[in-house]
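One-letter residues, chain by chain:
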Amino acid sequence: MKYSVIAYLFASIIFSVFFYAVSFRPEVGDDKIFLTISTFFFAILAGFFIARQGDRYSAIRDKMTTLDGSMSFIYRSLGHFGPSAQKEGGKILKSYYSPILKNRSWNYSFTHKTTILTDLHALFEKLAKGKNITPIQNGVINQAMVALR
């Protein structure tokens, strides 16, 4: 993508130099031709830029929805460890999502330091450390670690 934009820019510079160096027929309207071609190249470049920004926005949105889905899974799966574990996980999640909802700052996790991942990891470590856990709890911890990666 980067090279195609550079190629278009280079081609438009070469064409502009060619346009001023070569004399065209005066009755055709050199200024109109130049404006038409310049507009065409601008439209192509603007289209590439808008498409790239759309792709970046979609990628960010996908990453945010994946994180939110993972947090929802973790909260629901903490129910396998009992109500107290789910309540503790809920406090961690609430401390993360409260400023986001209060300020309506959907990019909060990009602009502020958060500890949700380390806090949840520590919670799962506390739940599993020195305890005899069931196979479903083991599966929940494995899936949670994948979600926290």
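Values in this document were obtained by computation on a predicted structure and should not be read as measured data.

**With respect to the packing of aromatic side chains**
To describe a pair of aromatic rings, one takes the distance between the centres and the angle between the planes.
Stage number 1. As enumerated under the stated definition, the model contains three aromatic pairs in all.
Stage number 2. Ring geometry for Phe40 against Phe41: centres 5.9 Å apart, planes inclined by 55 degrees, an arrangement best described as tilted.
Stage number 3. For the pair Tyr96 and Tyr97, a centre-to-centre distance of 4.7 Å together with 80 degrees between the ring planes defines the contact as edge-to-face.

**Topic: helix 5 (residues 116-128)**
Stage number 1. Spanning 13 residues, helix 5 covers 18 Å between terminal C-alpha atoms, matching the ideal 18 Å at 1.5 Å per step.
Stage number 2. Inspection of helix 5 places Ile116, Leu120, Leu123, Phe124 and Leu127 among the buried residues, and these make up the whole buried set. Looking straight down helix 5, one finds its buried side chains confined to an arc of 95 degrees; they lie on one side.
Stage number 3. In the segment just after helix 5, Gly130 is the residue with positive phi, at about 70 degrees.

**Structural notes on the packing of helix 3 (residues 83-103) against helix 5**
Stage number 1. Packing of helix 3 against helix 5 leaves a shortest axis separation of 10 Å and a crossing angle of 170 degrees. Comparing the axis directions of helix 3 and helix 5 gives the class roughly antiparallel. Between helix 3 and helix 5, the contacting residues are Ala85, Glu88, Gly89, Ile92, Leu93 and Tyr96 on the first element and Ile116, Asp119, Leu120, Leu123, Lys126 and Leu127 on the second.
Stage number 2. When the residues that make up the contact of helix 3 with helix 5 are grouped by side-chain class, the tally is eight nonpolar, one polar and three charged.

Conventions adopted
Along each chain, residues carry numbers from 1 onward, in the same order as the chain's sequence is written. For a predicted model such as this one, the threshold for reporting local features is a pLDDT of at least 70, and the threshold for listing and counting side-chain atom pairs is 80 or more; totals across whole chains, interfaces and linings nevertheless cover every residue. The side-chain figures draw on all heavy atoms in the structure; neither hydrogens nor water molecules are used. Ring pairs are drawn from Phe, Tyr and Trp, using the six-membered ring of Trp, whenever the two centres fall within 6.5 Å, and their geometry is named by plane angle: stacked under 30 degrees, edge-to-face over 60, tilted for the rest. Working definition: helices are DSSP H or I runs of at least four residues, strands are E runs of at least two. Numbering for both runs from the N terminus. Multiplying 1.5 Å by the helix residue count minus one yields the expected span of that helix. Exposure categories follow from relative accessible area, calculated using a 1.4 Å probe and restricted to protein chains: below 20% of the type maximum is buried, above 50% is exposed, and the middle band is partly exposed. Directions from the helix axis toward the C-beta atoms define the arc. Lines fitted to the C-alpha atoms define the axes, with helices restricted to the stretch that makes contact. Angles between their N-to-C directions range from 0 to 180 degrees. Here the angle decides the label: under 35 degrees means roughly parallel, over 145 means roughly antiparallel, 65 to 115 means roughly perpendicular, and every other value means oblique. Throughout, a residue-residue contact means that at least one pair of heavy atoms, one from each residue, lies within 4.5 Å. In this count, Pro and Cys sit with the nonpolar residues alongside Ala, Val, Leu, Ile, Met, Phe, Trp and Tyr, while Asp, Glu, Lys and Arg are called charged and the others, Gly among them, polar.

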